Amino acid sequence: MEAYVRKVRRSTAVASLALASALALSACSSSDPDEGGAGTSATTDGGMSTGIVTANGSEPQNPLVPTNTNEVGGGRILDMIFAGLVYYDADGAPHNEVAESIETEDGQNYTITIQDGWTFTDGTPVTASSFVDAWNYGALLSNEQLSSYFFEPIVGFSYDEDSELTGLTVVDDTTFTVELKQPESDFPLRLGYSAFFPLPEAAFADMDAFGENPIGNGPYMLDGEGAWEHNVKADLVPNPDYTGDRMAANGGLSFVFYTTQDAAYNDLLAGQLDIVDAIPDSAFSTFESELGDRAVNQPAAVFQSFTIPQNLEHFSGEEGLLRRAAISKAINRQEITDAIFQGTRTPASDFTSPVIDGWSDSIPGSDVLTYDADAAKALWAEADAISPYEGTFTIGYNTDGGHQAWVDAVTNSIKNTLGISAEGNPYATFADLRTDVTERSITGAFRTGWQADYPSLYNFLGPIYATNAGSNDGDYSDAEFDSLLAKGAAESDIDAANAEFQKAQEILFRDLPAIPLWYSNVTGGSADTVENVQFGWNSVPLYYAVTKN
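Please read all numbers here as calculations on a predicted model, not as lab measurements.

The rules behind these values
- Residues numbered from 1 in each chain as written.
- Predicted model: local features only at pLDDT ≥ 70, side-chain atom pairs only at ≥ 80, totals over all residues.
- Heavy atoms only, no water.
- Helix = DSSP H or I, 4+ residues; strand = E, 2+ residues; numbered from the N terminus.
- Polar contact = N/O pair within 3.5 Å; in protein donor to acceptor, adjacent residues only side chain to side chain.
- Contact = heavy atoms within 4.5 Å.
- Salt bridge = Lys/Arg side-chain N within 4 Å of Asp/Glu carboxyl O.
- Buried < 20%, exposed > 50% of the residue type's maximum accessible area, 1.4 Å probe, protein only.
- Pairing = 2+ DSSP bridges.
- Expected span 1.5 Å × (residues − 1).
- Core = buried A, V, L, I, M, F, W, Y, C linked by side-chain atoms within 4.5 Å.

Q: Would you mind showing me how to read the side chain of Gln505 here?
A: Residue placement: Gln505 occurs in helix α15 (residues 494-511). Among the polar contacts made by the side chain of Gln505, one reaches the side chain of Asp350 at a distance of 3.5 Å. Among residues more than four places away in sequence, those in contact with Gln505 are Asp350, Phe351, Thr352, Ile363 and Leu461.

As structure tokens, this is what we get:
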């Protein structure tokens, strides 16, 4: 989530994927929360006693199917129980995991070779077909997968009818080829995202049932039937057959689903929870002194906003453009970040993140993010001349995520500046909010944000605002924006690509499908029960590296 006063080393990771004559990625080398337990002990095959690490989490929105999970609650579990072609290290640099090599001569046709010997936890082998079949399932229109958009660049993808990805060809058990519709400069960089995980043959018999007890190939696996106790926790144990670089250094993970961030933080202080990756706003002024060197407050690739649906009354056409700009200018971002977040957020100046190579704070049109009460009132009055506004402007949010304070502050800023009724629309859980958003049954604006899937400007733009994109929750569509994205994606030079992505953002500043708010630092910490706690470039702890005796 938010504030970035420095850049992490992103250019090396991204520039390494710029096309030359050829590209190749080289291989690199349980407790019951109701009882307040911090974790039982486990013994590894080597005889070393290690503890089960407990961490805060949230109830996944859907069954744990990689191509149908696009929120952090389910994502953090999937990333531990599956291994993809590549993974990202703490700095966001890609390393081969299941892949032996990913090669291309032109950026459009790829040959992917996987390492022999990988297996799923049901004992079946991970083959080229495991990836091709999973990607075809995720892309098929009738399967209605939330992450289907990620397969759009592959030949054969269709938004209009069921169509096989004809650009995928299995050569043999360890080799498959990918043909894209056009060159895509950062395609290999995307392949560590969960949408591209492989699936075992057993998954396709009953995908919903599979999602309740998924069979993966990652460093962990679910701890048997009932390991995912809905709305309570999910227990993971090390996968003894995992051979990749993310080998579990602990005896297991237990993600505890808290209803409030305050409850999770209080458990951390009491030694009843090992790791939290979100500090409640009530503790922003004290957590660094309370946790000492175990406190974390560092830039991360996370952007926060709220989305106004395209079909919301009074927010389409010329009237809608005026009202969106008025609302943006009515928000005093600096005052809110200073008062509520106390150095853990930075007001946004674009739609991406300062920790990503190519970021800019001077995109034409970005002045719409500057608080200007007089300009906001004038814009609102122009809109009222088209059609008078009635009713209450609402922002939906989940109360289990620590959002009430800033939603109240933002709606108060809008209310006081524009002289309209504005208030928050609370949901008890993140899953409840996401369900209404996904089903398009929410009746107002709603909080949104983006935790990067891979370190690229494109990842903050395409999946969220491109026409028909899987995370385009406001149903925004603009042909010029889509064209600029495609042009940037086709560039073989990263700087040239980023220039097109910046032009695309000029369109977003005109249309404001979402209202940018701020960049987030990851604020979190650990108890003295664990060691080797490191938070990655995208705000997620490297759970597999944490040790606990």
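Q: I'm lost on the pattern of salt bridges in this one. Help?
A: Between side chains of opposite charge, a pair can form as their charged atoms come close. Tallying each qualifying case throughout the model produces 15 salt bridges. Between Arg246 and Glu97 there is a salt bridge, and its shortest N-O distance comes to 2.9 Å. Of this pair, Arg246 sits in the loop between β12 (233-238) and β13 (252-257) while Glu97 sits in the loop between β5 (94-96) and β6 (99-104); the two residues are 149 residues apart in sequence, bridging distant segments of the chain. In this structure, the salt-bridge partner of Arg510 is Asp478, at a minimum N-O distance of 3.1 Å. Residue Arg510 is found in helix α15, and its partner Asp478 is found in the loop between α13 (457-465) and α14 (479-490); the two are separated by 32 residues along the sequence. On the basis of relative accessibility, which here comes to 42%, the residue Arg510 falls in the partly exposed class.

Q: Any chance you could explain the pairing of strand β21 (residues 514-526) here in plain terms?
A: Where burial is concerned, most of β21 is hidden: 13 out of the 13 residues are buried. Inspection of the sheet shows strand β14 (residues 275-276) paired to β21 by two bridges, in the antiparallel sense. Directly across from Val276, in β21, lies its bridge partner Gly525. Where strand β15 (residues 295-299) meets β21, five bridges bridge the pair, whose relative direction is antiparallel. Pairing of Val296 across the sheet is with Gly524, part of β21. By the bridge criterion, four bridges tie strand β16 (residues 302-307) to β21 in an arrangement that is antiparallel. Within β21, the residue paired with Thr307 across the bridge is Ala514. Pairing geometry for strand β17 (residues 345-347) and β21, over three bridges, is antiparallel. When the bridges of β21 are listed, Pro347 appears paired with Trp518.

Q: Would you mind showing me how to read helix α3 (residues 128-139) here?
A: The periodicity of an α-helix, 3.6 residues per turn, causes residues three or four positions apart to be oriented the same way. The terminal C-alpha atoms of α3, which comprises twelve residues, lie 17 Å apart, in line with the 16 Å expected from a rise of 1.5 Å per residue. Buried residues of α3: Ala128, Ser130, Phe131, Val132, Ala134, Trp135, Asn136, Tyr137, Gly138 and Ala139, and no others. Contacts made by the buried residues of α3 are with β7 (109-114), β8 (168-172), β9 (175-179) and α5 (207-212).

Q: Would you explain the pairing of β13 in this entry?
A: Within a regular strand, the side chains alternate between the two sheet faces. Burial analysis of β13 places six of its six residues in the buried class, which makes it a mostly covered element. Covered by surrounding structure in β13 are Gly252, Ser254 and Val256 together with Leu253, Phe255 and Phe257, the residues of both alternating faces. The sheet contact formed by β12 and β13 spans four bridges and is antiparallel. Note on β13: the bridge partner recorded for Lys233 is Val256.

Q: I tried to follow the nonpolar core on my own but got confused; where do I start?
A: Most often, soluble globular proteins have nonpolar side chains that are buried together. Residues Trp135, Phe306 and Phe393 are the most contacted members of the largest nonpolar core, which totals 155 residues. Apart from the residues lying within four places of it in its own chain, the contact partners of Phe393 are Phe306, Ile308, Phe315, Ile327, Ile414, Ile420, Ser421, Ala422, Glu423 and Ala445.

Q: How should unusual backbone geometry be read in this particular structure?
A: What is expected of a backbone is that most residues other than glycine have negative phi and most peptide bonds are trans. In this structure, Asn468 is a non-glycine residue whose phi angle is positive, near 70°. The topology assignment puts Asn468 in the loop between α13 and α14. Even without a glycine there, the phi angle at Leu512 is positive, about 45°. Mapping Leu512 onto the fold places it in the loop between α15 and β21.

Q: How do you make sense of the environment of Asp172 when you look at a structure like this?
A: With respect to the helices, strands and loops of the structure, Asp172 is situated in strand β8. Classification of Asp172 by relative accessible area gives partly exposed; the value is 37%. For the pair Asp172 and Thr127, spaced 45 residues apart in the sequence, the C-alpha separation amounts to 8.4 Å. Engagement of the side chain of Asp172 in a polar contact is seen with the backbone nitrogen of Thr174, the distance being 3.0 Å. There is a polar contact of 2.9 Å between the side chain of Asp172 and the backbone nitrogen of Thr175.

By themselves, these are just geometric observations and shouldn't be taken as functional.
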